Amino acid sequence: MAVAKPDSAQAAPGVALSSLDTLWFQVAGTVCNLACTHCFVSSSPTNRTHEFMSLEQVRGYLSEAAQLGVKEYYFTGGEAFLNPQMEAILEATLEVGPASVLTNGLLLDPDRCIRLEALATASEYSLDIRISLDGYDAASNDPIRGPGSFDRALDAIRNLVAVSINPVLTVTEVHQDSASAEGKQRFFELLRGLGVDKPRLKVLPVFRIGAEAERSGAYESWQRLREGDTPENGWEHLQCSSCRLATATGVWVCPILVNEPTARMGESLTDTLGEFTLDHPACWTCHVYGVSCRT
Amino acid sequence: MAESMDKRTHERLSARDDEFAREYRQRLTAHRGKATWGERLVPLREFREAAAASGRQGSAKDRAEALKAYLRSRSDPTPVEGPYSRVAVFGGIYNNHYALAALLEDAARRGAEAVYCLGDLGGFGPNPESVWPLLEQGAVRTIQGNYEESLAGGREDCNCGYTDPRDNHFAEISYRYTEEGCSQEFKEYMGQLPLRRRIQVGNRELLLVHGSPRRINEFLFHSASPTPFLEALLAQNDCDGILCTHTGLHWHRALGDGDIVNVGVIGRPANDGATDVHYALLEERQGRLRVELLPLRYDYQALAQEMRQEKLPEEFVETILTGWWTTCLEILPPRERAASRY
């Protein structure tokens, strides 16, 4: 029987790794002390799809990353500070490069902030803390992130400001006006009101996977990248051309696809220096919205 | 992309004790023993087995070879200029012809045999074309910055990639002013400048780039450039040192096998509360590169006056007069931002 040749324009394109600049750590697995309705990894107190990483696991990847000349390290989850070894992990990381932590802020009490400031001061590299919010007030934020989460995130920002750490506020476009110039201005004003004199903001689109798929509906079948979509300058605008994500069970392509088993690329970083096939609708979002999870 | 959450759903989720809210949240925390696989909940074991079967698991030999291939130096046909015993290298003129004139004088006085510019001739300051004759008179050997690449290529922006609307506003003013003030001939001159040069200082071979050896608009800041990363850049580019600019902040790190020098810019002060600008003087001493990052005084009052005559934003003038940046601060990593006034 004749087999129809696949139309190459319909095949999913591959993206080469141009350089491994950004190494992410799924440091708290998918365990979180919130259960946000838009979480694309569906993190929650009960989600053990990915477990915490140990300090030893992180050290192993740091050592491999240093050989490969990685430029920056990011920590995410789940809630990163739920990992009981998180501060030791940060200390080890800051010995070899700059670190950023994505957090909901719930565990950033005054004592922890003092310790974080000490870690930042002891390193020649930058430590960045990114706090997530999804609204300018509790009425718009809490239905997404959970009751009380707005006030607690604001407490975290105040605690960081008290030790002169200037956090980056991360918001998603779950409310569509967040990304507009006026929306950004409102977040800057919120930060100024909390004593942040140099406000910084990161806006991310939503990915229709995980909890968000239930909230706003999954991707349509046409929302996939195909070979014919390859831009003239290639795929270097995609973060997967320069990042990988280490987890407790191996290395995935990026933080977005951590709940796709097929996005696991290998065991060690050097196993994952090859091409990745952009065969997932979330890749479409990264391309169309020019997403980078980096700050 | 996502439609705003249905207003009624949103309101009901706000209610802590509402049954609907409780049930919705229960669904979000229904993972006991299960894993999220895309849009499905599957037994944890199923997810983990599928993940373990995916991807590569190279042998120790495979991995050593992959690492070696990754760090292999890329062939670079750029001819090597020199050898010199002493050179001056600077970046980011930003139309500041006062600083450029002062630099040429200072470098000559210090015995520099050649003067190199790492790009970004325009932006920020007044009367873009006035730097051209100085570059010619001083026989300055220049490479393209992102400004030259954008101007020569007819781009509509400077390709700095800001996201803060305020930064974009000022970047646009700066770019449009420079774009309108450059003749076609000057843009053509910019377009024919090389993207990189190699020079030999003593026995040290140095690579000159604008942002980084990989990208014209990559920022190499001190607190965001780990030593292992810089060592990999040296290995991949087969040189004893890399000289760059683009960030506006000067720094030098001596590594075991070479040197990384961000020469800073002469167009505006280094966000340190001083009006001086900076450039690098390099010479070889006993097999090592000796790097001096020198403060340069120039007539900043005259520059400020000319900027005001040209009706450039007062925010730019303030930077020249105070030494503190007032715009485009979002590019700074936390450490450098903490040291700034704004």
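Worth saying up front: this structure is predicted, and the values here are computed from it rather than measured.

**Comments concerning the overall build of chain B**
Along its length, chain B carries 13 helices and 13 strands. Taking 342 residues into account, the globule formula puts the C-alpha radius of gyration at 20 Å, and chain B, at 26 Å, lies well above it. Seen through its C-alpha atoms, chain B measures out along the principal axes to roughly 80 × 55 × 35 Å. Looking at chain B residue by residue over its 342 residues, the buried ones come to 54%. Put simply, of all contacts in chain B between residues at least 6 apart along the chain, 67% involve residues at least 24 apart. Of note, chain B has its 43 positive side-chain charges centred 9 Å away from the centre of its 51 negative side-chain charges.

**A short note on the packing of aromatic side chains**
Residues and elements named next belong to chain A. All chains considered together, the criterion is met by 19 aromatic pairs over all chains. Where Phe25 meets Phe75, the ring centres are 5.0 Å apart and the plane angle is 10 degrees; that geometry is what we call stacked. Placement of the pair is Phe25 in strand β2 (residues 22-26) and Phe75 in strand β3 (residues 72-76), with a sequence separation of 50 residues. Relative accessible area serves as the criterion here: at 0%, Phe25 is assigned to the buried category. In this structure Phe75 comes out as buried when scored by relative accessible area, which is 0%. Summarising the aromatic geometry, the rings of Phe40 and Phe207 are spaced 5.5 Å apart at their centres and angled 65 degrees between planes, so their arrangement reads as edge-to-face. A residue pair is termed long-range when its members are at least 10 positions apart, and Phe40 in the loop between β2 and α1 (55-68) and Phe207 in the loop between β7 (200-204) and α7 (211-216) qualify at 167 residues.

**Focus: the packing of helix α7 (residues 146-153) of chain B against helix α8 (residues 165-181) of chain B**
Residue and element names in this part refer to chain B. Look at α7 against α8: their axes get within 11 Å of each other, and the N-to-C directions meet at 60 degrees. Classified by the angle between their axes, α7 and α8 sit oblique to one another. Handedness of the crossing formed by α7 with α8: right-handed. Of the residues in α8, those in contact with Tyr147, Ser150 and Leu151 of α7 are Ala171, Ser174, Tyr175, Thr178 and Glu179. Split by residue class, the contact of α7 with α8 holds 4 nonpolar, 3 polar and 1 charged.

**Some thoughts on the interface of chain A and chain B**
Contacts between the two partners involve 79 residues from chain A and, on the opposite side, 66 residues from chain B. Regarding the contact of chain A and chain B, the summed buried area is about 5,700 Å², with carbon and sulfur atoms giving 53% of it. Applying the counting rule to chain A against chain B returns 7 salt bridges. One salt bridge in this structure joins Arg48 of chain B and Glu51 of chain A, with 3.5 Å as the shortest N-O distance. Joining chain A to chain B, the criterion identifies 30 residue pairs in polar contact (both at pLDDT 80 or more). In terms of residues, the side of chain A that touches chain B owes the most to one element, α7 of chain A, which gives 6 residues. Per-class residue counts for the side of chain A that touches chain B are 33 nonpolar, 28 polar and 18 charged.

**Focus on the pattern of salt bridges**
Following the criterion strictly, the structure yields 38 salt bridges over all chains and no others. Across the pair Glu218 of chain B and Arg215 of chain B runs a salt bridge, and its minimum N-O distance is 3.7 Å. The exposure class of Glu218 of chain B is buried, given its relative accessible area of 4%. Take Arg215 of chain B: its relative accessible area is 33%, and that puts it in the partly exposed class. Bridged by salt links that share partners, the residues Asp21 and Lys71 of chain A together with Arg214, Arg215 and Glu218 of chain B form one connected network.

**A word on helix α4 (residues 138-145) of chain A**
For α4 of chain A, a buried count of 6 out of 8 residues is recorded, marking the element as mostly surrounded by other parts of the structure. Of the positions making up α4 of chain A, those classed as buried are Ser140, Asn141, Asp142, Pro143, Ile144 and Arg145 of chain A.

**A few points about the domain arrangement of chain B**
Parsing chain B into structural domains produces domain 1 (21-53) and domain 2 (80-338). The straight-line distance from the C-alpha centre of domain 1 of chain B to that of domain 2 of chain B is 52 Å.

**A word on helix α5 (residues 97-109) of chain B**
All names here are of chain B. Here α5 contains 13 residues, and its C-alpha end-to-end distance of 18 Å stays within 8% of the 18 Å for a straight helix at 1.5 Å per residue. His97, Ala99, Leu100, Ala102, Leu103, Leu104, Asp106 and Ala107 are the residues of α5 that are buried. Turning to α5, the residues buried within the fold contact β4 (86-90), β5 (114-117), α6 (131-137), β12 (277-285), β13 (288-296) and α11 (300-309). Following α5 by one or two positions, Gly111 has its phi on the positive side, about 80 degrees.

**Some remarks on the nonpolar core**
It is characteristic of soluble globular proteins that their nonpolar side chains tend to be buried jointly. Phe90, Ile93, Leu100, Leu121, Ile266 and Tyr279 of chain B are the most contacted members of the largest nonpolar core, which has 59 residues in total. Per-element accounting of this core gives the leading share, 6 residues, to α5 of chain B. Once residues within four sequence positions are removed from consideration, Ile93 of chain B is found in contact with Leu100, Cys117, Gly119, Asp120, Leu121, Val131, Leu135, Ile266 and Gly267 of chain B. One finds Ala65, Ala153, Ile157 and Phe187 of chain A within the second-largest nonpolar core, a separate group that totals 58 residues.

What counts as what
Residues numbered from 1 in each chain as written. Chains lettered and ligands numbered in written order. Predicted model: local features only at pLDDT ≥ 70, side-chain atom pairs only at ≥ 80, totals over all residues. Heavy atoms only, no water. Helix = DSSP H or I, 4+ residues; strand = E, 2+ residues; numbered from the N terminus. Rg over C-alpha atoms; globule rule 2.2 N^0.38 Å. Buried < 20%, exposed > 50% of the residue type's maximum accessible area, 1.4 Å probe, protein only. Contact = heavy atoms within 4.5 Å. Lys, Arg positive; Asp, Glu negative; His and termini not counted. Charge placed at Lys NZ, Arg CZ, Asp CG, Glu CD. Phe/Tyr/Trp six-rings, centres within 6.5 Å; stacked < 30°, edge-to-face > 60°. Axes fitted to C-alpha atoms, helices over the stretch in contact; angles between N-to-C directions. Parallel < 35°, antiparallel > 145°, perpendicular 65-115°, else oblique. Left-handed = near helix turned anticlockwise from the far one by under 90°. Nonpolar A, V, L, I, M, F, W, Y, C, P; charged D, E, K, R; others polar. Buried area = accessible area lost by both parts, 1.4 Å probe. Salt bridge = Lys/Arg side-chain N within 4 Å of Asp/Glu carboxyl O. Polar contact = N/O pair within 3.5 Å; in protein donor to acceptor, adjacent residues only side chain to side chain. Domains from an automatic or database assignment. Expected span 1.5 Å × (residues − 1). Core = buried A, V, L, I, M, F, W, Y, C linked by side-chain atoms within 4.5 Å.

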